[in-house]
Amino acid sequence: MKTLLSADDLRTGVVSMADRINRSQAGKPLTVIGVLTGSLVLLADLIRLLDMPSRVGVVQASSYREGIKRGPLTINVELMPKIATRDVLLVDDIFDTGHTLSEVMGLMKRLQPASIRSCVLLRKVGCSQVDVEPDFAAFDIPDVFVVGYGLDYCDAYRNLPYLAALEPGEISRDSE
Ligand code: XMP
């Protein structure tokens, strides 16, 4: 495993992204919705850096069922607070192919928020397969499978305080 971003790097990138969100929201109330489970660590750090009145909730979306293989996406909105007429910020860990963000945004738009924007910790360069882009991204990274700071491989490594890229030998053939 190779460290890509240290805990200090992550802090700097998240603070800078929070500043941009604060400036653009200019003190107006915001409903912040984290996409479970990968956004948990970012969500916890980000909401403590936001300076407007905020509500916080979660939505569950899962596509990586095993290892790094993408499965069909399932979205569960049962835990999500009411978003109609509110300014919403969707928070996710990583924008890879973009299918997760695009589908969750599409579903949330149908619930008629006043506005909806998205932010991600990481954007993988050159991997997008959709025509939406996150509104805010803390870091651009190359096309490698990463873990730590909320991101997992087979449910491991979410608790690492830094971000690491798995080496090819650390990824099981079955999960590719
Ligand atoms: P898509 O391809 O839909 O992916 O943009 C979004 C979701 O897939 C997971 N994902 C990853 N998880 N390391 C991880 O631990 C990765 O490199 C990675 N790439 C995608 C993640 O849950 C994300 O929300």
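Anyway, here's the lowdown on the structure attached to this text. (Residues numbered from 1 in each chain as written. Predicted model: local features only at pLDDT ≥ 70, side-chain atom pairs only at ≥ 80, totals over all residues. Heavy atoms only, no water.)

### Focus on the pattern of salt bridges
Logical step 1: One pass over the structure, following the stated rule, counts seven salt bridges.
Logical step 2: Salt-bridge contacts for K124 lead to D96; the nearest nitrogen and oxygen are separated by 3.0 Å. Taken as a pair, K124 in strand β6 (residues 115-124) and D96 in the loop between β5 (87-95) and α3 (99-109) lie far apart in primary sequence, 28 residues in all.
Logical step 3: Judged by relative accessible area, which is 16%, D96 ranks as buried.
Logical step 4: Across the pair D152 and R158 runs a salt bridge whose closest N-O atoms are separated by 3.4 Å.
Logical step 5: Ionic contacts of the salt-bridge type, sharing partners, join the residues R123, E133 and D140 into one network. (Salt bridge = Lys/Arg side-chain N within 4 Å of Asp/Glu carboxyl O. Helix = DSSP H or I, 4+ residues; strand = E, 2+ residues; numbered from the N terminus. Buried < 20%, exposed > 50% of the residue type's maximum accessible area, 1.4 Å probe, protein only.)

### A short note on the nonpolar core
Logical step 1: Counting residues in hydrophobic clusters, the biggest one holds 30 residues, and the most contacted among them are I21, L46, L121 and L122.
Logical step 2: Looking at this core, the elements with two or more residues in it are α1 (7-25), β2 (30-36), α2 (40-47), β5, β6, β7 (136-141) and β9 (163-165).
Logical step 3: Broken down by element, the residue count for this core peaks at five residues, all from α1.
Logical step 4: Here I21 is in contact with L30, L46, L50, M52, L89, C119 and F136, once residues within four sequence places are set aside.
Logical step 5: The next biggest cluster of nonpolar side chains, apart from the first, holds 17 residues, and it includes I33, V35, M105 and V120. (Core = buried A, V, L, I, M, F, W, Y, C linked by side-chain atoms within 4.5 Å. Contact = heavy atoms within 4.5 Å.)

### What to know about the sheet that holds β9
Logical step 1: Across the sheet, three strands lie side by side as β1-β9-β8; this open sheet has antiparallel pairing. The two strands at the open ends of the sheet, each matched to only one other strand, are β1 (2-5) and β8 (146-147).
Logical step 2: Bridge analysis of β1 against β9 gives three bridges, and the strand direction is antiparallel. Paired with L5 across the two strands is L163, which belongs to β9. (Pairing = 2+ DSSP bridges.)

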